[in-house]
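Results of the structural survey
Now for the letters of each chain:
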Amino acid sequence: MASTGLAALPSQLASPGRLRRRAALSSASRSNLLLHLRCVFASAVGSRCRLAVTCNAQAVAPTSIAQGTPVRPTSILVVGATGTLGRQVVRRALDEGYDVRCLVRPRPAPADFLRDWGATVVNADLSKPETIPATLVGIHTVIDCATGRPEEPIRTVDWEGKVALIQCAKAMGIQKYVFYSIHNCDKHPEVPLMEIKYCTEKFIQDSGLDYIIIRLCGFMQGLIGQYAVPILEEKSVWGTDAPTRIAYMDTQDVARLTFIAMRNEKANKKLMTFAGPRAWTTQEVITLCERLAGQDANVTTVPVAVLRFTRQLTRFFQWTNDVADRLAFSEVLSSDTVFSAPMNETYQLLGVDGNDILSLEKYLQDYFTNILKKLKDLKAQSKQTDIFF
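To keep things clear, this report deals only with the structure shown in the data block. This structure is a prediction, so every number in the text was calculated from the model and none was measured. (Residues numbered from 1 in each chain as written. Predicted model: local features only at pLDDT ≥ 70, side-chain atom pairs only at ≥ 80, totals over all residues. Heavy atoms only, no water.)

**Considerations on the pairing of strand S5 (residues 176-182)**
- With 7 of its 7 residues buried, S5 lies for the most part within the structure.
- Alternating residues of S5 divide into Lys 176, Val 178, Tyr 180 and Ile 182 and Tyr 177, Phe 179 and Ser 181, and every residue in both groups is buried.
- Where strand S4 (residues 141-144) meets S5, 4 bridges bridge the pair, whose relative direction is parallel. Each residue of the ladder has a partner; that of Ile 143, found in S5, is Val 178.
- Relative to strand S6 (residues 211-216), S5 runs parallel, the two sharing 6 bridges. Opposite Tyr 180, over in S6, you have Ile 214 as the bridge partner.
- Following the backbone out of S5, through helix H6 (residues 192-207) and into the adjacent parallel S6, one traces a crossover that is right-handed. (Buried < 20%, exposed > 50% of the residue type's maximum accessible area, 1.4 Å probe, protein only. Helix = DSSP H or I, 4+ residues; strand = E, 2+ residues; numbered from the N terminus. Pairing = 2+ DSSP bridges. Right-handed = clockwise from strand over helix to strand, strands pointing away.)

This is the structure in structure tokens:
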């Protein structure tokens, strides 16, 4: 009987609604299942990322392998742990006493800083689904912060890799799946990255997993390299002529609220948006940076019409398709759109005081105060004429 179930597994994973419920598996069967998953995941996620896939995850409809060895609720796997958000999630988890395992791609420069913090690092690659199952052994909760690199096709990691990860999480009895998405992704199907995020949301919701989906508006950390540093170095700051407004949030606050939500049963199977206290236009951010830096910015404005034209032009060439996909996302960010959401209900649900959320003014003020102090110290040291031996 067991062999029949395992033999049917590949088609069940790839076809909606066919995975049968199993009351329990022997230890030998679990080993066979794990080995089989490694072999079949590479071919189980070949469907295209467009909404034509129907965003249906009934391929991993409820199955029970919960009779195995219990895992500690504090054991978590962070996927995308080296990114801007991922590293803050790891630090917060370690500070709160979680046992943290980080899924990291094999790379020439190892992520030693994660080990130095106290996390366990395992090598795997979402673009190689057969490497995923072993990373989930003994894990209670998966926190998915991952996204593809700029040089990669968006579909490879953000759709095909995530489908494999979610399917594997369900098959191996993961208790909770936390997924970070993009605010308003359901309103922009013309943008591949946003369409894929929305499709992944639906896939998780249909999977039978317990989940928390968190839509994000924008990170304060990204403004440092985009505006603060160029202004200090007297380099060009790039912007657009559109009145887009974004409610930026500190990634440390995102991580803190995430763990509060994970411990709150009321947040289970919820889709929430995390937004900062206020939505800012590009010009408002630049003006704030100028005031805090004490110098004017050299602003180069790119009209939205240019972005639209560039996007259409790159569509003519197969090798520039992915560039066009990313320009489509830039075009949305440069349109007359507000990336923000009311947070009162979320604060109430999580038992959080909104006054504890860091504002952009305070974040940038702390940055410029610290960096300007260091620059002054460096200038003072460079003027030292007395040398002692």
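Structure's up, so let's keep going.
**Here we look at the pattern of salt bridges**
- Summed over the entire model, instances satisfying the criterion amount to 13 salt bridges.
- Residue Asp 186 pairs with Arg 215 through a salt bridge whose shortest N-O separation is 3.2 Å. Residue Asp 186 is located in the loop between S5 and H6, and its partner Arg 215 is located in strand S6; the two are separated by 29 residues in the primary sequence.
- Here Arg 215 falls in the buried class, since its relative accessible area comes to 9%.
- In the salt-bridge network here, residues are joined through shared partners; they are Arg 92, Glu 96 and Arg 263. (Salt bridge = Lys/Arg side-chain N within 4 Å of Asp/Glu carboxyl O.)

**Section: the pairing of strand S3 (residues 120-123)**
- In the sheet, strand S2 (residues 99-104) pairs with S3 via 4 bridges, with the strands oriented parallel. Bridge pairing in S3 links Val 104 to Asn 123.
- Assessed by its sense of winding, the connection that carries the chain from S2 through helix H4 (residues 112-117) to S3 is right-handed.

**Quick word on helix H7 (residues 221-232)**
- In a regular helix each residue adds 1.5 Å, so 12 residues correspond to 16 Å; H7 covers 16 Å between its end C-alpha atoms and thus fits that length.
- Looking at H7, one finds that the buried residues are Gln 221, Leu 223, Ile 224, Tyr 227, Ala 228, Pro 230, Ile 231 and Leu 232.
- Where H7 terminates, the next one or two residues include Glu 234, which has phi positive at roughly 60 degrees. (Expected span 1.5 Å × (residues − 1).)

Keep in mind that these numbers describe shape and distance, not what the molecule does.
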